[in-house]
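Structural characterization, general
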Amino acid sequence: MFDWGPRPFRFLNCWLEDRDFKTFVEEKWRDFNVIGRGAFVLKEKLKLLQKEIRAWNKNQFGDLNAKMKILQEKMRYLELICEERRKRS
C-alpha cells in the first residue's frame, strides 16, 4: 500500500444544515491562540480548525464512509433481487 500523505480535508455541505455548525466554528476560531504574522496565523488556525471539525463531524454524523458502504451493499442486494424477479417474469 502507498503512503499518499495526509488525508485531504473535504468540506461537506451537510455541515451547513446543522444549526450549531457556524457557532461551533466561530467559537473554535476565537479560542485558538496563535501568534505570528497574518499568513502564519491563518494557516495554523485553519490546521487546528480542520482537526476540530473532523472530530465534530464524527460525533455529529458518525462514520459517513462506513454508512455509505453499508448502503451500497444494500443497494447491490436489492438490485440482485430485482434482477432475479425480472428473470422469473
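Residues numbered from 1 in each chain as written. Predicted model: local features only at pLDDT ≥ 70, side-chain atom pairs only at ≥ 80, totals over all residues. Heavy atoms only, no water.

1. Structural notes on the confidence of the model for the chain
When the pLDDT values of the chain are averaged, the result is 92; 100% of them are 70 or greater. Looking over the chain, one finds the lowest element-wise mean pLDDT in helix H4 (residues 64-88), namely 90, and the highest in helix H2 (residues 21-31), namely 97. (pLDDT = per-residue confidence, 0-100. Helix = DSSP H or I, 4+ residues; strand = E, 2+ residues; numbered from the N terminus.)

2. A look at the pattern of salt bridges
For the coordinates displayed, the defined rule picks out six salt bridges. Of the charged contacts in the structure, one is a salt bridge between Arg 76 and Glu 73, with a shortest N-O distance of 2.4 Å. Of the two residues, Arg 76 and Glu 73 are both situated in helix H4; the distance of three residues between them amounts to about one turn of the helix. Relative accessible area serves as the criterion here: at 43%, Arg 76 is assigned to the partly exposed category. In this structure, a network of salt bridges that share partners links the residues Lys 43, Glu 44 and Lys 47. (Salt bridge = Lys/Arg side-chain N within 4 Å of Asp/Glu carboxyl O. Buried < 20%, exposed > 50% of the residue type's maximum accessible area, 1.4 Å probe, protein only.)

3. Observations regarding the layout of surface pockets
In this model, the largest pocket occupies a volume close to 490 Å³. The wall of the largest pocket is formed by 14 residues, among which Arg 7, Leu 12, Arg 54, Asn 57 and Asn 65 lie closest to the centre. Within the residue set of the lining of the largest pocket, elements represented by two or more residues are helix H3 (38-61) and H4. Looking at the lining of the largest pocket, its residues break down into six nonpolar, three polar and five charged. (1 Å grid on protein atoms, 1.4 Å probe; cavity = no way out; pocket = protein on both sides within 12 Å on 5 of 7 lines; lining within 4 Å. Points joined across faces, edges and corners; volume = space filled by probe spheres on them. Nonpolar A, V, L, I, M, F, W, Y, C, P; charged D, E, K, R; others polar.)

4. Looking at H4
Taking 1.5 Å per residue as the helical rise, H4 with its 25 residues ought to reach 36 Å, and the 36 Å between its terminal C-alpha atoms agrees with that figure. Its side-chain oxygen at 3.2 Å from the backbone nitrogen of Asn 65, Asp 63 defines the N-terminal cap of H4. (Expected span 1.5 Å × (residues − 1). Polar contact = N/O pair within 3.5 Å; in protein donor to acceptor, adjacent residues only side chain to side chain.)

5. Some points on the nonpolar core
Formed by Trp 15, Phe 21, Phe 24, Val 25, Phe 32, Val 34, Val 41, Leu 49, Ile 53 and Trp 56, the largest nonpolar core amounts to 10 residues. Breaking this core down by element, the ones donating at least two residues are H2 and H3. With four residues, H3 is the largest single contributor of residues to this core. Not counting residues within four places of it along the chain, the set of residues in contact with Leu 49 comprises Val 25, Lys 28, Trp 29 and Phe 32. (Core = buried A, V, L, I, M, F, W, Y, C linked by side-chain atoms within 4.5 Å. Contact = heavy atoms within 4.5 Å.)

6. Digging into the packing of aromatic side chains
Taken as a whole and judged by the stated rule, the model has nine aromatic pairs. Measuring from centroid to centroid gives 5.9 Å for Phe 9 and Trp 15, while their planes differ by 40 degrees, and the two rings are tilted. Judged by relative accessible area, Trp 15 falls into the buried class, the value being 2%. Considering the side-chain rings of Phe 11 and Trp 15, the 5.1 Å spacing of their centres and the 75 degrees angle between planes classify their relative orientation as edge-to-face. We classify Phe 11 as partly exposed; its relative accessible area is 42%. (Phe/Tyr/Trp six-rings, centres within 6.5 Å; stacked < 30°, edge-to-face > 60°.)

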